[in-house]
Amino acid sequence: WIGGKAARFFASEGQKKTAAAALRFAEWKRLAQKIGHFPLMAIDDWGAPLDSARQESVAESLCCLGQTFVTGSSLSLRADLSIHIQNGLVLCCKSF
């Protein structure tokens, strides 16, 4: 729900994706509290329908999640924490 209306009927794709991300982050936080440590977070197709402001907001939220796996065609995450794979080849990798 956004503004008292069902998001699936009126929200843009970016708004829907942002709402889904918010729910996933809330679910992750609840699970972390329940099990007492950070669970793994996986995000597929990162940023596809998100504008740059929403991508930045979600990217900032990733920093506190512990181990996170993110896939996507146009990533704008911290390069020092990323492994970039294209056509099955590792293009760059920062040693951790």
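As shown above, the structure is provided for reference.
Read on for an overview of the structure. (Residues numbered from 1 in each chain as written. Predicted model: local features only at pLDDT ≥ 70, side-chain atom pairs only at ≥ 80, totals over all residues. Heavy atoms only, no water.)

**Topic: the nonpolar core**
Part 1 of the argument: Core analysis: the biggest nonpolar cluster contains 10 residues, these being A21, F25, W28, A32, M41, I43, L50, V58, L62 and L65.
Part 2 of the argument: Element by element, the count of residues in this core is highest for helix α2 (residues 13-35), at 4 residues.
Part 3 of the argument: Once residues within four sequence positions are removed from consideration, W28 is found in contact with F38, P39, L40, M41, C64 and L65. (Core = buried A, V, L, I, M, F, W, Y, C linked by side-chain atoms within 4.5 Å. Buried < 20%, exposed > 50% of the residue type's maximum accessible area, 1.4 Å probe, protein only. Helix = DSSP H or I, 4+ residues; strand = E, 2+ residues; numbered from the N terminus. Contact = heavy atoms within 4.5 Å.)

**Here's the deal with the packing of aromatic side chains**
How two aromatic rings sit relative to each other is set out by the distance from centre to centre and by the angle between their planes.
Part 1 of the argument: Taken as a whole and assessed by the stated rule, the structure comprises 1 aromatic pair.
Part 2 of the argument: Aromatic pair W28 and F38: ring centres 5.3 Å apart, planes at 35°, arrangement tilted. Residue W28 is found in helix α2, and its partner F38 is found in the loop between α2 and β1 (41-43); the two are separated by 10 residues along the sequence.
Part 3 of the argument: Stacked on the ring of F10, the Lys or Arg K5 has its end atom at 5.5 Å from the ring centre. (Phe/Tyr/Trp six-rings, centres within 6.5 Å; stacked < 30°, edge-to-face > 60°. Lys NZ or Arg CZ within 6 Å of the ring centre and 35° of its normal.)

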